[in-house]
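# Fold and contact review
Now for the letters of each chain:
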Amino acid sequence: SSDAIWLRDHCRCSQCFHEVTKQRLVDTHEVNVCRFIFSSLFLTKARSLFCLVSNDTHSTVLSIDWLRRHSYNPGLDKIAMGFDRFMWGSELAMNIPVVLYEEVMAGDQGLAKWLALIDQYGIAFVRGVPATCEATEALGRRISFIRETHYGAFWDFTANNAHADTAYTGLALQAHTDTTYFTDPIGLQLFHMTEFSGTGGKSLYVDGFHAAAQLQQFHPHHHALLSQVCIPTHSAGDPRVVMAPSPRGFPVLNMDPFTGRLHQVRFNNDDRSVLDARTLVRRDGKAVDVRDFYAALRAWVTLLRDAKNECWIQLEPGLAVIVDNWRVLHGRSAFTGHRRICGSYHGYDDYRSRVRDLCYGTLGRSDI
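Since we're looking at a predicted model, the values are computed, not measured.

## Quick notes on the overall build of the protein
A count of helices and strands for the protein gives 9 helices and 17 strands. A burial count over the protein gives 48% of its 368 residues as buried. Across the protein, contacts joining residues at least 24 apart in sequence account for 75% of those joining residues at least 6 apart. About 18600 Å² of surface is accessible on the protein, with carbon and sulfur atoms providing 53% of the total.

What follows is the structure, given as structure tokens:
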């Protein structure tokens with residue numbers, strides 16, 4: 001059963017819910033909890049439920065299907081939204097999820113195909129991209145506008161130390177996610193190597209969700225700790241930049257409070273700030289033994305560096321890759337010579353909006 005005030009507050013008639021903007025028009029403040037009780041209920045031929053309440057002239061309208069999806073008493077099984085996650089390891093290199101550039105640029109059908117792969121795998125490649133910054137930028141903008149940061153908007157760089165970050169060198173990079181020092185880390189990262197003459201520089205990708213599942217299976221204590229201890233991070237190498245998130249730290253493994261599933265990995269050991277009495281605590285305020293923390297961190301990194309979890313791919317001009325930065329960690333081997341990379345950051349919410357719109361059909365709007 002549902003309380004009359006809840007039914008009234010969620011009315012979907014044209015007076016209470018704007019069909020174009022998809023926004024509520026009900027002033028909840030004016031919904032007086034004391035005056036709303038059932039007067040009568042009846043079902044229309046269109047399977048819409050009309051609820052009449054005493055001392056109120058309004059008839060609340062809700063469809064039976066809507067009530068089944070959103071019932072809170074009893075809470076019913078929610079309809080799954082989206083695609084099943086496909087967990088992967090080193091074997092992905094043998095069969096990469098890929099679409100053609102011309103497909104993506106031709107229309108929404110090709111774009112939806114690309115987005116679906118990103119949604120399932122957390123990574124997707126695009127073959128046949130002209131080896132220019134202009135073509136690469138146009139590709140990224142098919143998903144959303146570019147998210148500008150202190151590194152700029154669309155970037156095009158070599159190992160020239162243009163920023164005080166190891167990404168702008170030829171050094172090897174361990175698997176990591178980007179912008180852990182942002183309150184809202186970037187969602188997608190697009191890479192395209194347009195020029196290369198040298199040795200090394202192979203790209204590394206690790207499915208963070210797959211590694212976290214293994215950690216939970218084999219080391220549940222460590223998994224629990226890394227989902228509860230908030231780790232501070234920073235970016236402070238560039239002049240006039242002292243970037244740090246608010247709140248000051250976040251766990252490595254961030255769980256969705258609605259589903260209980262892992263929804264975000266934030267890990268870059270190089271960008272970790274000082275651990276002290278303020279930070280070595282769980283979210284419930286309980287102190288963490290420092291050795292327990294380092295044991296958990298070691299177990300996590302051991303899984304990230306397990307050869308079975310590392311997918312190594314040599315990028316080349318014409319083959320772009322986009323990664324879900326909330327799921328997939330990336331890195332590279334050291335290199336010598338000339339290596340030119342261009343690409344862009346994109347916001348997570350903008351990416352998910354496109355997925356909901358183009359890939360999920362009516363389910364994409366079912367919970368609004």
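Back to the text.
## Describing the sheet that holds strand β17 (residues 335–346)
The pairing of strands in a sheet happens through backbone hydrogen bonds and is either parallel or antiparallel. Overall, mixed pairing links the 6 strands, which are arranged β4-β5-β15-β8-β17-β6 in an open sheet. Edge positions in the sheet fall to β4 (98–100) and β6 (155–157), since each has one partner strand and no second. Adjacent strand axes in the sheet meet at a mean angle of 20°, parallel and antiparallel pairs treated alike. Pairing of β6 with β17, which is carried by 3 bridges, proceeds in the antiparallel orientation. Its bridge partner lying in β17, Trp 155 is registered against Gly 343. Along the sheet, helix α4 (residues 108–121) contacts β4, β5 (123–127), β8 (188–200) and β15 (319–324); its crossing angle with β5, the most-contacted strand, is approximately 145°.

## Things to note about the packing of aromatic side chains
For the coordinates displayed, the defined rule picks out 11 aromatic pairs. Centroid distance Phe 125 to Tyr 205: 6.3 Å. Interplanar angle 85°. Geometry classified as edge-to-face. Placement of the pair is Phe 125 in strand β5 and Tyr 205 in strand β9 (residues 203–207), with a sequence separation of 80 residues. We note that Phe 125, like Tyr 205, is buried. What links up through ring pairs into an aromatic cluster is the set Trp 155, Phe 157, Phe 191 and Tyr 345. Taking NZ or CZ as reference, Arg 339 lies 5.2 Å from the ring centre of Phe 335, over its face. When the ring centre of Tyr 351 is taken as reference, the NZ or CZ atom of Arg 352 above it lies at 5.1 Å.

## Observations regarding the nonpolar core
What tends to happen in soluble globular proteins is that the nonpolar side chains get buried as a cluster. Core analysis: the largest hydrophobic core is formed by 50 residues, its most contacted members being Trp 114, Ile 118, Ile 123, Phe 125, Leu 139 and Tyr 205. Broken down by element, this core gets its largest block of residues, 8 residues, from α4. When sequence neighbours within four positions are dropped, the list of residues in contact with Ile 118 reads Ile 123, Ala 124, Ile 143, Leu 188, Ile 322 and Tyr 351. Val 206, Leu 297, Trp 300 and Leu 304 belong to the second-largest nonpolar core, a separate cluster that totals 28 residues.

## Brief notes about unusual backbone geometry
The omega torsion across Ser 246 and Pro 247 is 0°, close enough to zero to call that bond cis. Assignment of secondary structure puts Pro 247 in the loop between β10 (231–232) and β11 (249–250). Unlike most non-glycine residues, Thr 179 shows phi in positive territory, near 55°. Within the element layout of this structure, Thr 179 appears in the loop between β7 (173–176) and β8. In this model, Arg 240 sits at a positive phi of 65°, which is unusual for a non-glycine residue. Residue classification places Arg 240 among the exposed positions, given a relative accessible area of 87%.

## Structural notes on the environment of Asp 27
Note on placement: Asp 27 falls in the loop between α1 (4–9) and β1 (38–43). The exposure class assigned to Asp 27 is partly exposed, which follows from its relative accessible area of 45%. For Asp 27 and Asp 9, which are 18 residues apart along the polypeptide, the C-alpha to C-alpha distance reads 8.3 Å.

## Section: helix α8 (residues 290–304)
In this model, α8 (15 residues) spans 21 Å end to end at C-alpha, consistent with the 21 Å of a helix rising 1.5 Å per residue. The N-capping residue of α8, defined by a side-chain oxygen 2.8 Å from the backbone nitrogen of Arg 291, is Asp 289.

## Some thoughts on the sheet that holds strand β14 (residues 310–313)
Ordered in space as β7-β16-β9-β14, the 4 strands form an open sheet in which the pairing is antiparallel. In this open sheet, the two strands that pair with only one neighbour each are β7 and β14. On average, adjacent strands in this sheet sit at an angle of 20° to one another, irrespective of strand direction. With 5 bridges connecting them, β9 and strand β16 (residues 328–332) associate as antiparallel partners. Considered in β16, the bridge of Asp 207 is made with Val 328. Set on the sheet, helix α6 (residues 208–218) makes contact with β9 and β16; between it and β9 the angle comes to about 50°.

## Quick notes on helix α5 (residues 133–140)
Among all positions of α5, only Cys 133, Ala 135, Thr 136, Leu 139 and Gly 140 are buried. Axial view of α5: buried residues confined to an arc of 165°, hence all on one face.

Basis of the calculations
- The residue count restarts for each chain, going from 1 along the sequence in the order it is written.
- Note on the predicted model: pLDDT of at least 70 is required for a residue's local features to be given, and 80 or more for side-chain atom pairs to be given and counted; whole-chain, interface and lining totals, by contrast, use all residues.
- To get the side-chain values, take all heavy atoms of the structure and skip hydrogens and water.
- Runs of H or I in DSSP of at least four residues are treated as helices and runs of E of at least two as strands, each being numbered from the N terminus.
- Each residue gets one of three labels from its accessible area relative to the maximum for its type: buried under 20%, exposed over 50%, partly exposed in between, using a 1.4 Å probe on protein chains only.
- Pairs of residues are marked as contacts when any of their non-hydrogen atoms sit within 4.5 Å.
- Shrake-Rupley sampling with a 1.4 Å probe provides the accessible areas, and residues are treated as covered by the protein chains on show and by no other component.
- Note: two strands are recorded as paired if DSSP finds a minimum of 2 bridges between them.
- To obtain each axis, a line is fitted to C-alpha atoms, and for helices this fit is confined to the stretch in contact; angles are then taken between N-to-C directions over 0 to 180 degrees.
- Classification of ring pairs uses Phe, Tyr and Trp, with its six-membered ring standing for Trp, and accepts pairs whose centres are within 6.5 Å; under 30 degrees between planes counts as stacked, over 60 as edge-to-face, and the remaining range as tilted.
- Only Lys NZ and Arg CZ are tested; either one counts as a charge over a ring when it is within 6 Å of the ring centre and within 35 degrees of the ring normal.
- Definition used in this section: a nonpolar core is a set of buried Ala, Val, Leu, Ile, Met, Phe, Trp, Tyr and Cys residues joined via side-chain atoms within 4.5 Å.
- By definition here, a helix of n residues has an expected span of 1.5 Å times n minus one.
- Whenever two N or O atoms come within 3.5 Å, that pair is a polar contact, provided that in protein one can donate a hydrogen and the other can accept it, and provided that, for residues adjacent in sequence, both atoms are side-chain atoms.
- By construction, the arc corresponds to the directions joining the helix axis to the C-beta atoms.

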